[in-house]
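# What the coordinates show
Chain residues, written in single-letter form:
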Amino acid sequence: MFKKSMSYMITLLLVTSLALFGAGCVGNDAADSGSDGEMQSIQIKGSDTVLPLAQAEAEIFMMEYPDKTVSIIGGGSGVGIAALIDDEVDIAMASRAMKEAEIENAQANGVDPIQLTIAWDGISVVVNPENPVSALTYEQLEAIYVGDISNWNEVGGEDREIVVLSRDSSSGTYEYFKEEVMEGNEYRADALINPSTGAIIQTVSQNPNAIGYVGVAYLDRTTKPLAVDKGDGAEEPTSENILAGTYPLARPLYFYTDGEPTGLALEFVEFISSETGEAMVFEVGYFPA
Amino acid sequence: MLDRKRKEKAIESTLLMVSGVTVVALFLLCFFLFREGYLLFGDYSPISFITGSSWYPSSSPAKFGLLPLLTGSLIVTAGAIILSVPLGIAAAVYISELADPKVAQIIKPFVEILAGIPSVVYGFFGLVIVVPLLQDLLDLPTGQTALAGSIMLGMMALPTIISVSEDAINSVPTALKEGSLALGSTKWQTIYRVVLPAALSGISAAVMLGIGRAIGETMTVMMVTGNTAIIPGVPEGLFDPVRTMTATIALEMGEVPQGSDHFHALFAVGSVLFIITFIINLIADSVKKKYRLKEAV
């Protein structure tokens, strides 16, 4: 009489405990070694900015070497770096450099982070096409973003209140812009925080008061990119200017590995700087390192 | 005979297991949420968390002030409730008491479809249609305001409010209505004085469910309210950008270093949200019980 219900119970217990343990084990099989000791599969995790590039590269790479697997997960630079610190991934993607504290954390865990620049990303300041302003200096940009300038007529535009758009604080671009343009000062308190680059493009395209920043790869006809002047004259965010290094708002995108990359990780990094790999960098909208 | 008993036992224990898992999951969730949130207060004073008026999680020193997020959530929710409750109850009364059954048959599935639309679609609609509309109509510097959030949330809460209130109104005994009509009341008097009071417990539950949905909603609100962490004034804050607790968690969870103060601060915000939702449920429950007693008498 009790047998059947007991067996039900036991089955259920088994299933649930398996599910729980299974969930606990995810991420521990990162360093999957082949029989000859060479890694045949690597795991990469981190920045959402680097994600489309790494993914495109991985697809081409795996087509060329069908027996090798490169699996890639986004989640943000911080997530990738945390995973590297905990030795859960082979490569961490980051759109910012690791912080002092993070490097110390890693070393305390016996991980020795090595930084590799795999590409450059241009950041473009965008306004609505209706806006007559077409260039801003770093000082003007900073004053707009910290709140010292709040009307377009102070920078040669129409008499309109400036609506300042920013990314959220978990974005690598948010931190890059803050360090590069605002000298580490805090964004004005009433800046509109947008959850994604797409939302910034959308808002700027329909609001003549708005100003925002986006990756150059996202530029389209609905917004107008501004020329930016860091003190050496205003420069347009064109690919020529970014590659020549004259456009000031360009940042490196990084891979981080534990020690110098070896095995499949090394092969993948070398593939990205190969001719095929560099063509892919351009195609995704970034610039080769 | 014995076999059937055995089967029943098996079903019973299966159900027990399933509900047991639910309870355990909830407790574990609470435990981790509160523990991670509590860790913030090792480095950060709880008083400045609760009374702080600025949220600067990544500056140094970081500021984790709950007030702008809390008031942001409250103003968006209040706006949503003000918009959706009268509309929802009116629609429920119309569908169950006034509408031609054929018309009601057409309206009902539409309301249900409204409930099934994913919130990101509402958010996109809000960002592309409602936000520019508000910006033009009210001549605001930006349409990404608490009001935009309230309108979208109100729209999203409507199906819940309509269908739950409608159920409540439908379950009012016909004898009550007939009695009222027999005494010479008009249809309107009957609805206003008899049907609505009798259905009040269900309607209150509907409103509470609506509030619960509104305060916990994330995606749509994040897309249309501008996410500016400033304490809004009342009522003019409706026309300013605001940031809610849910949007803050969603926006910042992505890249926050695990185990940092910022990480724990987001869990602390989550704990506050959990407590608020819990209180709303308690109130809804007690309201239900109170009116049920009255009905029984």
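The following refers to the structure shown. It should be emphasised that the depicted structure is a prediction, and the values quoted were computed from it without experimental measurement.

## Details of the sheet that holds strand β11 (residues 234-235) of chain A
Residue and element names in this part refer to chain A. On the basis of which strands lie adjacent, the open sheet formed by three strands has the order β5-β10-β11 and mixed pairing. Sheet topology places β5 (135-137) and β11 at the edges, where each strand pairs with a single neighbour. Across three bridges, β5 lies against strand β10 (residues 227-229) in parallel orientation. Considered in β10, the bridge of Thr137 is made with Asp229. This element, helix α5 (residues 138-146), spans β5 and β10 of the sheet and lies at about 85° to β5.

## Remarks on the interface of chain A and chain B
Each partner contributes to the interface: chain A provides 41 residues, whereas chain B provides 34 residues. Counting across the chain A and chain B interface gives zero salt bridges. Our count for the contact surface shared by chain A and chain B stands at eight residue pairs in polar contact (both at pLDDT 80 or more). When residues of the side of chain A that touches chain B are traced back to their parent elements, those giving at least two are α1 (2-25), α3 (77-85), α6 (172-180), β7 (192-194) and α7 (197-206) of chain A. It is α1(A) that provides the largest number of residues to the side of chain A that touches chain B, a total of eight residues. Among the residues making up the side of chain A that touches chain B, the classes are represented as 17 nonpolar, 16 polar and eight charged.

## What about the pairing of strand β12 (residues 250-258) of chain A?
Residues and elements named next belong to chain A. Of all nine residues making up β12, eight are buried, and the element is well covered by its neighbours. Inspection of the sheet shows strand β3 (residues 91-94) paired to β12 by four bridges, in the antiparallel sense. By the bridge assignment for β12, Ala94 is matched with Tyr254. Pairing of strand β4 (residues 113-127) with β12 involves nine bridges; the strand directions are antiparallel. Looking at β12, one finds that Leu116 is bridged to Phe255.

About the thresholds
- Residues numbered from 1 in each chain as written.
- Chains lettered and ligands numbered in written order.
- Predicted model: local features only at pLDDT ≥ 70, side-chain atom pairs only at ≥ 80, totals over all residues.
- Heavy atoms only, no water.
- Pairing = 2+ DSSP bridges.
- Helix = DSSP H or I, 4+ residues; strand = E, 2+ residues; numbered from the N terminus.
- Contact = heavy atoms within 4.5 Å.
- Axes fitted to C-alpha atoms, helices over the stretch in contact; angles between N-to-C directions.
- Salt bridge = Lys/Arg side-chain N within 4 Å of Asp/Glu carboxyl O.
- Polar contact = N/O pair within 3.5 Å; in protein donor to acceptor, adjacent residues only side chain to side chain.
- Nonpolar A, V, L, I, M, F, W, Y, C, P; charged D, E, K, R; others polar.
- Buried < 20%, exposed > 50% of the residue type's maximum accessible area, 1.4 Å probe, protein only.

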